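These are the residues of each chain, in order.
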Amino acid sequence: MKIDVHAHYWTEDYIDLLVDLGQAGAVAARGLGAGGGAELEARLRLMDRAGVQMQVLSACPQLPYGEDGQKAATAARFVNDQYTALVQDHPDRFRAFAALPMPHLQESLGEMGRAVEELGLTGVAMNTTVLDRALVEPEYEPIFAELNRRGAMLYLHPAGNGACSPLITDYHLTWMVGAPVEDTISIMQLITHGIPTRYPNVKIINSHLGGALPMLLQRADDQYGWEAPDTPEQPSVAARRMWYDTVGHGHVPALRCAIDSFGADRLLLGTDFPYENGDTFVRAVDYINDPQIDPAAARAILDQNAGALLGIDG
């Protein structure tokens, strides 16, 4: 069963709430095909064309993060309720990750409980940073602790802030380069702070083949001892405690590197819909069956790993 774990969904009404929350840049998400009605019908047709039976939806990077806790909580409840209704209408096609009103901890912990217990959502989605702050900051420890207590899934996606570097954002590289850099930095922060070992029940899914991490694992193993000596285990070992989606824009060498670095069992199908749409969406699925990829690895990535992780029997 082909389950796409990296697919986005939001409506115009939700974008309006984000703008009211202070996210002026959220208007760029309008009109991309990520919503309901005719856009949803077009999505389902495209999924059928690519042979994708199910998507696990997230609002990343359009998450309800903002300084106003009440507005953030309202937006989080709104989009999580939307997801619940969509999953109920199409139980054989969709699951969803819940949004949290970060950085407001009590509101976020409460919404996590509501989303998982009452709404039955699959887990939680977060950006790799919260208002430009790292997820491993001490004040966010209660989020990981609660995810761990629940044995919950955590899907991580770049925030689109260019890793807070003007060398990226000022030179029109925010998504071409900045997004995978955000992935790489976030994963290494999780590793050096021991998140996968301290919270072993959290099932962490990282985006975009782990950014540049497949290329850097041996370098990290060689250098963490003097640069980050408090890291509790080798980065290559910690990296294999997490999962990674296959959004690689059809670049087979990158997919091969991720398979060799993490193992095929750690990779999950991802398409990045609606940012990869039409023929590009189909390519996001088909490239995993490239002749350069071992057929057993391709079969695991496409048809087995996500179902096993999510507990969905195809």
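This is a predicted model, so every value here is computed, not measured.

### Digging into helix H5 (residues 141-150)
Residue pairs three or four apart in sequence face the same way in an α-helix, which turns once every 3.6 residues.
Logical step 1: Turning to H5, its buried residues are Ile143, Phe144, Glu146, Leu147 and Asn148.
Logical step 2: Where H5 is buried, its residues touch helix H4 (105-118), strand E4 (123-127), strand E7 (153-157), helix H7 (174-192) and helix H8 (195-198).

### Some thoughts on the environment of Val19
Logical step 1: Along the polypeptide, Val19 turns up in helix H1 (residues 12-21).
Logical step 2: Between the alpha carbons of Val19 and Pro64 there is a distance of 9.8 Å; along the sequence they are 45 residues apart.

### Regarding the pattern of salt bridges
Logical step 1: Following the criterion strictly, the structure yields 17 salt bridges and no others.
Logical step 2: Two residues, Arg77 and Glu111, come together in a salt bridge whose shortest N-O distance is 3.9 Å. Of this pair, Arg77 sits in helix H3 (residues 69-89) while Glu111 sits in helix H4, placing them 34 residues apart in sequence.
Logical step 3: Note on Arg77: relative accessible area 40%, which makes it partly exposed.
Logical step 4: What makes Glu111 buried here is its relative accessible area of 4%.
Logical step 5: Across the salt bridge formed by Arg241 and Glu233, the nearest N and O atoms sit 2.6 Å from each other.
Logical step 6: It is possible to trace a salt-bridge network through shared partners that takes in Arg77, Asp81, Glu111 and Arg114.

### Overview of the packing of aromatic side chains
Logical step 1: Considering all chains together, one arrives at six aromatic pairs under this definition.
Logical step 2: Judged by centre distance (6.0 Å) and plane angle (55°), the ring pair of Tyr9 and Tyr83 falls under tilted. Taken together, the residues span a long stretch of sequence, with Tyr9 in the loop between strand E1 (3-8) and H1 and Tyr83 in helix H3 at a distance of 74 residues.
Logical step 3: On the basis of relative accessibility, which here comes to 7%, the residue Tyr9 falls in the buried class.
Logical step 4: Relative to Phe281, the ring of Phe273 lies with its centre 5.9 Å away and its plane at 90°, an arrangement referred to as edge-to-face.
Logical step 5: The buried category is assigned to Phe273, whose relative accessible area is 2%.

### Comments concerning the packing of H4 against H5
Logical step 1: Relative orientation of the contacting elements H4 and H5 amounts to 20°, with a least axis distance of 10 Å. If you check the angle between H4 and H5, you find them roughly parallel. Considering how the two elements wind past one another, H4 and H5 form a crossing that is right-handed. Here H4 contributes Leu105, Ser108, Leu109, Met112, Gly113, Val116 and Glu117 to the contact with H5, which in turn contributes Pro142, Ile143, Glu146, Leu147 and Arg150.
Logical step 2: Of the residues in the contact of H4 with H5, the class split is seven nonpolar, two polar and three charged.

### Re empty space enclosed by the protein
Logical step 1: Under the counting rule described, the total for this entry stands at one cavity of 30 Å³ or more.
Logical step 2: Empty space within the largest cavity amounts to approximately 30 Å³.
Logical step 3: Taken together, Met126, Leu135, Tyr140, Ile143 and Phe144 make up the full set of residues lining the largest cavity.
Logical step 4: Class assignment of the residues belonging to the lining of the largest cavity gives a composition of five nonpolar, no polar and no charged.

### Notes on the side chain of Asp221
Logical step 1: Summarising the element assignment, Asp221 is placed in helix H9 (residues 213-227).
Logical step 2: Notably, Asp221 is buried but unbridged: the nearest opposite-charge side chain belongs to Arg240, and the N-O separation is 6.2 Å.
Logical step 3: Within the structure, Asp221 has its side chain in polar contact with the side chain of Ser236 (distance 2.6 Å).
Logical step 4: Non-local contacts of Asp221, meaning those with residues more than four positions away in its chain, are made with Gln234, Pro235 and Ser236.

### Let's talk about the nonpolar core
Logical step 1: By size, the foremost hydrophobic cluster in this structure holds 98 residues, and its most contacted members are Met126, Leu154 and Ile205.
Logical step 2: The greatest single-element share of this core, amounting to six residues, is contributed by H3.
Logical step 3: Discounting chain neighbours no more than four positions away, the residues touching Met126 are Cys60, Leu63, Tyr65, Met102, Leu135, Ile143, Leu154, Tyr155, Leu156 and His157.

### Some points on the sheet that holds E1
Logical step 1: Pairing is parallel across the open sheet formed by eight strands, whose spatial order is E1-E2-E3-E4-E7-E8-E9-E10. The open sheet has two edge strands, E1 and strand E10 (267-268), and neither has a second partner.
Logical step 2: Looking at chain direction, E1 and strand E2 (residues 54-58) are connected through four bridges and run parallel. Looking at E2, one finds that Ile3 is bridged to Met54.

### A word on the pairing of strand E8 (residues 203-206)
Logical step 1: Relative to E8, E7 is paired through three bridges, and the arrangement is parallel. In the sheet register, Tyr155 faces E8, and the bridge partner there is Ile205.
Logical step 2: Pairing analysis gives two bridges linking E8 to strand E9 (residues 243-245), with the strands arranged parallel. If you follow Ile205 over to E9, its bridge partner there is Trp243.

### Remarks on the layout of surface pockets
Logical step 1: In this model, the largest pocket occupies a volume close to 990 Å³.
Logical step 2: In terms of lining residues, the largest pocket is bounded by 41 residues, among which His157, Gly160, Trp175, Ala179 and His208 are the most central.
Logical step 3: In this model, the second largest pocket occupies a volume close to 290 Å³.
Logical step 4: Along its surface, the second largest pocket is lined by Thr184, Ile185, Met188, Thr192, Leu216, Arg219, Ala220, Gln223, Tyr224, Glu227 and Ala228.
Logical step 5: When residues of the lining of the second largest pocket are traced back to their parent elements, those giving at least two are H7 and H9.
Logical step 6: Here the element with the most residues in the lining of the second largest pocket is H9; it accounts for six residues.
Logical step 7: Each residue belonging to the lining of the second largest pocket can be placed in one class, and the counts come to six nonpolar, three polar and two charged.

So, how was this worked out
One numbering rule holds for all chains: residues counted from 1, following each sequence as written. In view of the model being predicted, local features appear only for residues whose pLDDT reaches at least 70, and side-chain atom pairs are presented and counted only at 80 or more, with totals across whole chains, interfaces and linings using the full set of residues. Side-chain metrics rest on all non-hydrogen atoms present in the structure, leaving aside hydrogens and water. Type-normalised accessible area, obtained with a 1.4 Å probe on protein chains alone, sets the label of each residue: buried when under 20%, exposed when over 50%, and partly exposed for intermediate values. Numbering of helices and strands starts at the N terminus; helices are DSSP runs of H or I of at least 4 residues and strands are runs of E of at least 2. Whether two residues are in contact is decided by their heavy atoms: any pair within 4.5 Å suffices. Only one rule defines a salt bridge in this text: a Lys or Arg side-chain nitrogen within 4 Å of an Asp or Glu carboxyl oxygen. Note on aromatic pairs: the rings of Phe, Tyr and Trp (six-membered ring only in Trp) are paired at centre separations within 6.5 Å, and the planes decide the class, stacked below 30 degrees, edge-to-face beyond 60, tilted for the rest. With axes taken as lines fitted to C-alpha atoms, and helix axes fitted only over the stretch in contact, angles between N-to-C directions fall between 0 and 180 degrees. Angles are sorted into four bins: roughly parallel if under 35 degrees, roughly antiparallel if over 145, roughly perpendicular if 65 to 115, and oblique for all others. By definition, turning the near helix anticlockwise from the far helix through less than a right angle yields a left-handed crossing, and turning it clockwise yields a right-handed one. Residues are grouped as follows: nonpolar covers Ala, Val, Leu, Ile, Met, Phe, Trp, Tyr, Cys and Pro; charged covers Asp, Glu, Lys and Arg; every other residue, Gly included, is treated as polar. In the cavity and pocket records, a cavity denotes points on a 1 Å grid over the protein atoms alone where a 1.4 Å probe fits but cannot get out, a pocket denotes an open set with protein on both sides within 12 Å along at least 5 of 7 lines, and lining residues are residues with an atom within 4 Å of a point. Grid points are joined across faces, edges and corners, and a volume is the space filled by probe spheres set on the points. The positive count covers Lys and Arg only, the negative count covers Asp and Glu only, and His and the chain ends enter neither. Polar contacts, as counted here, are pairs of nitrogen or oxygen atoms within 3.5 Å of one another; within protein the pair requires one atom able to donate a hydrogen and one able to accept it, and residues that are adjacent in sequence qualify only if both atoms are side-chain atoms. Think of a nonpolar core as a cluster: buried Ala, Val, Leu, Ile, Met, Phe, Trp, Tyr and Cys residues, connected wherever their side-chain atoms sit within 4.5 Å. Two strands qualify as a pair provided DSSP detects at least 2 bridges between them.

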